[in-house]
Amino acid sequence: LISGLEGVFDITRCESNIPYEVLVSDEKEDLIPFFPQLFAYAISASASMQEYALKVGVITAVLVGLAASRVITGYRLQFYREAASGYDPFAYFVSINFTSSIEHGFQILLCSVVGYWLRGSAAPLYAYFVNFLLLGWLAVSWSFLLSVITPTSSTTVVIGFFMAFFGLLFSGGLAPATYVEIYDSSRKALASFCGLVSPTRYFIEMSAVNEHRTLPPQSGFTFIESEAFGLPEDSTSFDFLSLAQNDILNVVERSTRGWYWSALPAVIVGLAIRCICGIILAFESRQCIIPLKKACVR
């Protein structure tokens, strides 16, 4: 629905106030401060891209998270039963993760295909799908953990609030945690916190970078190294927007194959959350088994 209502990106020429003397000057250092104006037509589209990704990311995270919560709340008694019967609780938890990953993977695939068909993208479909898959991976991981640590009666409210609150405010697309703050070298704790708790942190950035990386050097996002010799650091459009700052050496190379730097951090965060969830479930099952064994002895 959002993909259909948003339409396509609008990139037009923007008027600039760059002095003629600067444009014809032989000193390239004189022009560098005016790069944001010179490439404004391409930079201005980034706000629309991030806004679209924020809307889609938050709504998808909420819906997928709520759907995934049934995997834990609906099978928690079976988990305790298997543990009480002497079976390995971790094996049961791993099997749940495997089956739920397949189920929600098909849901994410459907979302990505529909979004790609309605919205379109300069990046290929597989890059679009990988981005949605990572979003679903993080949303399901947090849904599992929240389903374990909260009462069943309030699980839906907690998951909905968590996905919406942290997906909006700590995604990088809105204050107080924009990408400028996230990539600030003096605020590394904020960057770590956003990457851990926000399911949309990597989704929004990857969505924007996938599109920007396909643009020609005239956009300021990419450049041809053999022709842009002597170009100082922090002078590309990615730097002005504070995007992909941890992979700035590779992202400026024009490519239509997508950008996957954020895939590894997202996978690691999701695995860590699921491991914590499994440990808590195993501890809870042990707490239930011990009283049961005492009662049988008596």
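Reading guide: rules and limits
- Residues numbered from 1 in each chain as written.
- Predicted model: local features only at pLDDT ≥ 70, side-chain atom pairs only at ≥ 80, totals over all residues.
- Heavy atoms only, no water.
- Axes fitted to C-alpha atoms, helices over the stretch in contact; angles between N-to-C directions.
- Helix = DSSP H or I, 4+ residues; strand = E, 2+ residues; numbered from the N terminus.
- Parallel < 35°, antiparallel > 145°, perpendicular 65-115°, else oblique.
- Left-handed = near helix turned anticlockwise from the far one by under 90°.
- Contact = heavy atoms within 4.5 Å.
- Nonpolar A, V, L, I, M, F, W, Y, C, P; charged D, E, K, R; others polar.
- Expected span 1.5 Å × (residues − 1).
- Buried < 20%, exposed > 50% of the residue type's maximum accessible area, 1.4 Å probe, protein only.
- Salt bridge = Lys/Arg side-chain N within 4 Å of Asp/Glu carboxyl O.
- Phe/Tyr/Trp six-rings, centres within 6.5 Å; stacked < 30°, edge-to-face > 60°.
- Lys NZ or Arg CZ within 6 Å of the ring centre and 35° of its normal.

A.B. asks: Please give an account of the packing of helix H8 (residues 125–149) against helix H9 (residues 155–169) that cites residues and values.
C.D. replies: Contact pair H8 / H9: the axes reach a minimum separation of 10 Å and the direction vectors enclose 140°. Relative to H9, the element H8 lies oblique. Considering the relative orientation of H8 and H9, their crossing is right-handed. Side by side, H8 and H9 meet where Ala139, Trp142, Ser143, Leu146 and Ser147 of the first sit next to Thr155, Val158, Ile159, Phe162 and Met163 of the second. Considered class by class, the residues forming the contact of H8 with H9 number seven nonpolar, three polar and no charged.

A.B. asks: Got a sec to walk through H8? Specific residues and values, please.
C.D. replies: With 25 residues, H8 extends 37 Å from end C-alpha to end C-alpha; this agrees with the ideal 36 Å at 1.5 Å per step. With 18 of its 25 residues buried, H8 lies for the most part within the structure.

A.B. asks: Could you give an account of the pattern of salt bridges, naming the residues involved and the relevant values?
C.D. replies: Within this structure, the stated rule accounts for two salt bridges. Between Glu51 and Lys55 there is a salt bridge, with the nearest N and O atoms lying 3.3 Å from each other. Here Lys55 and Glu51 lie together in helix H5 (residues 45–73), a separation of four residues that amounts to about one turn. Residue class for Glu51 comes out partly exposed when judged on its relative accessible area of 41%. According to the relative accessible area criterion, Lys55 is partly exposed, its value standing at 32%.

A.B. asks: Which residues make up the packing of aromatic side chains, and what values do they have?
C.D. replies: Within a pair of aromatic rings, the relevant descriptors are the distance that separates the centres and the angle that separates the planes. Tallied over the entire structure, the rule returns 13 aromatic pairs. For the pair Phe165 and Phe166, a centre-to-centre distance of 5.1 Å together with 85° between the ring planes defines the contact as edge-to-face. The class for Phe166 is buried, based on a relative accessible area of 15%. The structure contains a cluster of three or more aromatic residues connected by ring pairs, namely Trp142, Phe161, Phe162, Phe165, Phe166, Phe170 and Phe193. The lysine or arginine in question, Arg274, covers the ring of Trp137, its NZ or CZ lying 4.0 Å from the ring centre.

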